[in-house]
Structures are given as C-alpha cells and as structure tokens.
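# Overview (structure and organization)
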Amino acid sequence: MSDAFNQLPTDPNTLRAVLLAERARHAGELAAARSEVERLVAIIKELQRHRFGCRAERLDADQLALALEDLEQTLAEAEAAEEKDGNKPARLPRKRRINRGALPPHLPREELVIDVADKTCPCCGGLKHRIGEDVSERLDVTPAQFKVLVLRRPKYACRACEGEVSQAPAPERLIENGIPTEALVAHVIVAKYADHLPLYRQAQIYARQGINLDRSTLADWVGRAAFTLRPVYVRLFEGLKSSTKLFADETTAPVLDPGRGRTKTGQLWAYARDDRPWCGPEPPGVVYVYAPDRKHERPAVHLAGFKGTLQVDGYGAYASLAERGDVLLAFCWSHVRRRFYEIQAASPAPIAAEALVRIGTLYAVEADIRGCSAEERQRVRFSRSKPLVDALKPWFESQLAAVSAKSTIAEAIRYVLTRWDGLTRFLDDGRVEIDSNAVERAIRPIALGRKNHLFAGSDGGGEHWAILASLIATCKMNAVDPQAYLADVLAKIVDRHPMRRIDELLPFTYVKSEPERAVA
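Residues numbered from 1 in each chain as written. Predicted model: local features only at pLDDT ≥ 70, side-chain atom pairs only at ≥ 80, totals over all residues. Heavy atoms only, no water.

Formed by 107 residues in total, the largest nonpolar core has its most connected members in Tyr288, Leu310, Trp333 and Phe340. Per-element accounting of this core gives the leading share, 11 residues, to helix α6 (residues 215-241). With residues up to four places along the chain from it excluded, the contact list for Tyr288 reads Tyr233, Leu268, Trp269, Ala270, Ala442, Ile443, Ile446, Ala466, Ala469, Ser470 and Ala473. (Core = buried A, V, L, I, M, F, W, Y, C linked by side-chain atoms within 4.5 Å. Buried < 20%, exposed > 50% of the residue type's maximum accessible area, 1.4 Å probe, protein only. Helix = DSSP H or I, 4+ residues; strand = E, 2+ residues; numbered from the N terminus. Contact = heavy atoms within 4.5 Å.)

What follows is the structure, given as structure tokens:
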C-alpha cells in the first residue's frame, strides 16, 4: 500500500486528473455491473413468467372465462335465493343470456302437450273451443349411450339343386373380427386428440355404462385407425406443400421413455396454410410432423419440394430453407412485440414502451385491411405501413447505440435488426401476414393436451398423434365436424375407396350431409 501511495503524483493538478480518471473508471464499472444485474433480473423474471405465468402478452381467454364463470354462478345463486324468498332485489336484475330462438332447427323435436283438465265453460256449461296456443322450446339431452348393431346375413338355398347356397358377403371392418364400428373408433380418436381425454379416462367413462373396454384395446383401435388414415394425411401434406405460402412453427411433445422411467422431449412441427385473411382461393389446413429431436435439418426434409414464402418465428432451423434459393422467409412481428412486452412487464422501460406503441400502429393498419384482397392489402400497406416501418429501423439503430450492449433491450433490438428483411416482407406481398399467429393458433391444442398430461408412449405414438391431430385440426379450420368426418372416411377406406380419388377424402373436400352442415 505504501509503494502505491509513494507513486502518486505530487502535483495537485496531475493528482486531480488521476482521481477524476479513476472515478470515471469506477463509475463505468459500476454502471456495467448494474446493467448486468438488471439483465439477469429481467431474465429471471421472464423465466418465472414462462414457468408460473401466462407466456403471451394477452390474458388467456380460457383462463379468464373460468373466472367469469365462477362470478356468474355466484350471481345466479344469489338471484335464485332472492326469488325463492320472494324478496324484491334492491338492484335491477342483470340481463341473462337465455338464447331465445337460438335452438338449431336440425335437432329432433319431442312435443309435450300440457292441456287443461276440464274444457267445460263454468258459466254456461258448454265446451270451450281452441283459439290458439303458446309454444316454448327447452333444450334437453340424452346422455351418450352405446348401442349394439346386430348384423344378420340370411342364407338361401335352392330346394331342387344341392349345394346352391347364397349369402351376402360380410362387410369389411376397420378392426378385423373386432366389435367397434368406425363411428365408435372416430369417437375415441376425437375424445383423445380434440377433447384431450386420455384413453384410460375414456375407459373409465365407458365402464360406468357397463362396457368394459381395456385401455390397450382402445389403443389398438387408435393405432389401426392412424395406419388406415396415413394416406390421407400424406396427401394433405402434399397439397399444402404445393401452395406458394405456408406458416411453420414447432412445439415440444413429451414422449414416454421407459428406460429412464420418465418422458423425453420430442418435437411436433406444424405447417399451416391459411389464406382467409386475404380471401385466397385455397382452403385452410395444417399438418403436424413428429420428430424425435429439434435438429436444424428437419424443416428442410419436411418441406422438400416446397417453393414460396414461409412465415416463421426467428428459429434458425428455417434459415437452411432460404439458402436453397426457392424459399423466402417472412418473420413474425408478434414475436418481436412479445420480446419488448416481456421487458416492459419486468420493469418500466421507455424504449420498450415506445417500441410497443410503434408496433401497435402497424397492427392497427392490419386490422383495417383484414378480409381485403391481396392487391388492396399491398396498396394500403405501401401507403400507410411502409412509412412507419421506414422510420422504425433508424429509431431502433439509434436506441441500440444508446444502451448497454449486454442489456435485454439491446438483445431485443438486435433480434429485430438481424431479421429486418424477413420482417418487412409483408410490405411487398399482400398475401403475407404481419405475424405467424395462424400457425400458433393451430399448435395451441397440442400445448393444451400437454397441460392435461397427455403424452405419446413412443416415437410411433408421436407419429400417430401427428396424423390424427392434423386431420382433426384441418376439420376445425374448415368448419367440419371431425367425428362425422373420421367416421365417414374410415368407413369409405375400409370399403375400398379408390386411392386415385383420395382427394375426395380430404377434410376440405368432404361433403357433409344436411344435419352435419347445420352442426358445423
């Protein structure tokens, strides 16, 4: 310590300069340390939100609906108590949604006539005549009930000719020598992959009606149905890849790993077509592809032969597709907005708040042109959105120069600037969306099933999940009842529907009967 003290300059001005330089160095180190602490705290808060809270920048509508349901139930209970006691409520009663006149006309009607017991006039003793009636409808339900189809095949023989016996051939079955109809198998599939009911829970439900179906039996049905429907799934994917614009996303798929006594992480890649926002001619559809990992070469293998625009998030696996030269990547502004939202949610940040406002103006333009033609969308974007985007890039660059390079806000800005060409792709093509929310909506049911502890028992089970979930999700996108569709298509394939006419079996070319059309 004494040697360092002896090395200090004796000139006051020089000593002052040394102290000021040391103070500035210390202040810089302190500022860098504080910036690093803020960055780490922001990362921790983001991880906490991902682990314990809502991941999106908006409230989950389903979770919000649960809270509203409880409140409405409490209000209904209070009103029922007041009505029973005959007390006049102190406040005006709330207007209840009674769905008057909204019962679908295709539902069967069972009429009950509530008539007066005595039609005699008390004044003159004559018989009263009918002058009208009041009619009201109530919605009733018959619990799901199994029935047994008994197939009888009479045999015929000639009395004069020995050995001349004729009998109608037995119809083909999806499950050879099995008991289920195609409609029952479709019911099991939809319950698992659309309503998120694992097979063991379905077995418990059936047991309450005295039908003892082992979970392994149901699994056998589902596996055979997946094998039967695979050609339709393959043709659906071929049709999507023939499009000029697709969305892509991926999500984890837990897969049982018996060797370790736990689950491993597989991957479901989703490829969707949805041209409805610009009234495109192609029907919407989505295909899931299972893979045991998240390797970068997966999308290139899945989308072999695809040429056009692929709208994705910032995951680097899609970059190899663009390197081929026949695929253009359009990136997602929703992912950009989410990064700034997470920063703003962790702690108030003026730059993040300003970025959210500027991005919000772009979404306001999109709301105005939704449903317009591609040409009209491009024209409006050029006149209204392009000036906003042109001003946004230099603003991001100036803000990046003013913040610490290691801060979370700098990472968010670099995320934008390194993907700028893909983020501005929507300005040049009216068919391109501003974000990839269409495929995120398609992939949300997979995440919901994951929350309900549904997982594949093997990599083969993951492939079954991809096949069946693809057909069900595409049905929903096209307002087709998935259970009626699967039952009908399974029956047609079992009845040897010609594969050269396989396009007739796709969800968006499926011809519904009148009652089914009313349901959808």
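After that view, the rundown keeps rolling.
Axis separation between helix α11 (residues 374-402) and helix α12 (residues 408-417) bottoms out at 10 Å; the angle between their running directions is 145°. In this structure, the crossing between α11 and α12 has a hand that is left-handed. Facing α11, whose interface residues are Lys393, Phe396, Glu397, Gln399 and Leu400, α12 presents Ala410, Ile413, Arg414, Val416 and Leu417. Along the lines of polarity and charge, the residues of the contact of α11 with α12 split into 6 nonpolar, 1 polar and 3 charged. (Axes fitted to C-alpha atoms, helices over the stretch in contact; angles between N-to-C directions. Left-handed = near helix turned anticlockwise from the far one by under 90°. Nonpolar A, V, L, I, M, F, W, Y, C, P; charged D, E, K, R; others polar.)

Attention shifts here to the environment of Val287. Tracing the backbone through its elements, the reader meets Val287 in strand β5 (residues 285-291). For Val287, a relative accessible area of 0% puts it in the buried group. With 47 residues separating them in the primary sequence, Val287 and Leu240 have C-alpha atoms 8.2 Å apart. For Val287, the residues in contact, after removing those within four places along its chain, are Tyr233, Leu236, Phe237, Leu240, Trp269, Ala270, Tyr271 and Ser470.

Looking now at the pattern of salt bridges. Under the defined criterion, the tally for this structure stands at 23 salt bridges. With a shortest N-O distance of 3.5 Å, Lys119 and Asp115 are connected by a salt bridge. Overall, the relative accessible area of 36% leaves Lys119 in the partly exposed class. Glu172 is the partner of Arg496 in a salt bridge, and the nearest nitrogen-oxygen pair spans 3.6 Å. Taken together, the residues Arg496 in the loop between α16 (482-494) and α17 (514-519) and Glu172 in the loop between β2 (165-167) and α4 (182-193) connect sequence positions 324 residues apart. On the accessibility criterion, Arg496 (64% relative accessible area) is exposed. Taken together, the shared-partner salt bridges in this structure form one network comprising Arg235, Glu238 and Asp503. (Salt bridge = Lys/Arg side-chain N within 4 Å of Asp/Glu carboxyl O.)

In this section: unusual backbone geometry. With a phi close to 60°, Cys279 is a non-glycine residue in the positive phi region. When you line up the elements, Cys279 lands in the loop between β4 (262-273) and β5. Within the chain, Arg496 stands out as a residue other than glycine whose phi angle is a positive 65°.

With that settled, consider the packing of α4 against helix α15 (residues 459-477). Running from N to C, α4 and α15 point in directions that differ by 95°, and their axes come no closer than 10 Å. With respect to α15, the element α4 is oriented roughly perpendicular. The segment α4 lies against α15, with Ile189, Val190 and Tyr193 engaging His464, Trp465, Leu468 and Ile472. When its residues are assigned to classes, the contact of α4 with α15 shows 6 nonpolar, 1 polar and no charged. (Parallel < 35°, antiparallel > 145°, perpendicular 65-115°, else oblique.)

Moving on, we come to the packing of aromatic side chains. Applying the stated criterion across every chain yields a total of 9 aromatic pairs. On the basis of an interplanar angle of 85° and a centroid distance of 5.2 Å, the ring pair of Phe146 and Tyr206 is categorised as edge-to-face. One end of the pair, Phe146, is in the loop between α3 (61-85) and β1 (155-157); the other, Tyr206, is in helix α5 (residues 199-207), with 60 residues separating them in the sequence. Measuring from ring centre to ring centre gives 6.0 Å for Trp333 and Trp420, while their planes differ by 80°; the resulting arrangement is edge-to-face. Of the two residues, Trp333 sits in helix α9 (residues 333-346) while Trp420 sits in helix α13 (residues 420-423), which places them 87 residues apart along the sequence. (Phe/Tyr/Trp six-rings, centres within 6.5 Å; stacked < 30°, edge-to-face > 60°.)

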